[in-house]
Amino acid sequence: MPAVTRAVAILRMLSRSETPLGVQAIARALGIVPSTCLHILRALVAEEMLMVDPATKRYALASGVVALARGMLRNDPFSNLAQPVLDRLAAEYGTTAIGVEAARLDHIVVLALARPSQALRLQVDVGSRYPALISATGRCIAAFGGHPWPEMERRFHMLRWEDPPSLEQWRADIEATRQSGYAVDEGRYIAGVTVVAAPVMLRGRVSHSIVLVGVSEQLRRQGLTEVGTALRKEAADLSQRLQGL
């Protein structure tokens, strides 16, 4: 349904934009005929998904999007089960703990989040989206997602890292993740930041991931093997609880 696809594309575009946008800018960026774009924008405004400034005629996301997101999270089994786990991990290790949806190859989406009072402040919030194969979670998806290697290799070359691994190193990291049951990214994605992730499995494939993000030196002092093992155990428990629902 082209109209639905275009409406979703508009919502995603405006979610990434730091400022409201006008009809021409939206239509040009998405390749939509301006009159069609205006019709969709007006429909989204009527449904309270967007709001428009009468003076500038520019559009931005409205509160209806927030209401939908809250409804989804309130009824999402993973978010409800993962939140207390993330709260406990964040307090224990003094790092940001994140729960993400990780079932597809395009993006991962943050569904739950916990920060201790002294946590490293990263630009991550519930609803944030990242390339699926990036960093530690990406290695979990590559190791346990059952996706064909040619497609993963193609997407690997599109990733942006602070210190990018070679394809050979990345493939070795994926195999290490498969063997250990968790993944570690030490400064590859963000310099000075270590990301540890473990897969939550559903019907034999990764569906979500729980992640710790912290200053590399801090996590190194705590022991990356200890942290990774703890995450793996928590992820395995979440997997069993999800499959039992």
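Residues numbered from 1 in each chain as written. Predicted model: local features only at pLDDT ≥ 70, side-chain atom pairs only at ≥ 80, totals over all residues. Heavy atoms only, no water.

1. As for the overall build of the protein chain
Check the secondary structure of the protein chain and you find ten helices and nine strands. Taken against the 2.2 N^0.38 rule, which gives 18 Å for 245 residues, the C-alpha radius of gyration of the protein chain at 20 Å falls within 12% of a compact globule. Judged by the C-alpha coordinates and their principal axes, the protein chain covers about 55 × 35 × 35 Å. Counting all 245 residues of the protein chain, 44% fall into the buried class. Partitioning the contacts of the protein chain with sequence separation of at least 6, the portion at a separation of at least 24 is 56%. Each charge class in the protein chain can be summarised by its mean position, and for the 28 positive and 23 negative side chains these summaries are 6 Å apart. (Helix = DSSP H or I, 4+ residues; strand = E, 2+ residues; numbered from the N terminus. Rg over C-alpha atoms; globule rule 2.2 N^0.38 Å. Buried < 20%, exposed > 50% of the residue type's maximum accessible area, 1.4 Å probe, protein only. Contact = heavy atoms within 4.5 Å. Lys, Arg positive; Asp, Glu negative; His and termini not counted. Charge placed at Lys NZ, Arg CZ, Asp CG, Glu CD.)

2. So, the sheet that holds strand β6 (residues 129–131)
Pairing is antiparallel in the open sheet, where six strands are placed in the order β6-β5-β4-β9-β8-β7. Each edge of the open sheet carries a strand with a single partner, namely β6 and β7 (183–186). Averaged over all pairs of adjacent strands, the angle between their axes in this sheet comes to 30 degrees, without regard to strand direction. In this fold helix α10 (residues 224–243) packs onto β7, β8 (193–202) and β9 (205–215), with an angle of close to 25 degrees to the strand it touches most, β8. (Pairing = 2+ DSSP bridges. Axes fitted to C-alpha atoms, helices over the stretch in contact; angles between N-to-C directions.)

No statement about biological role is implied by the geometric values presented.
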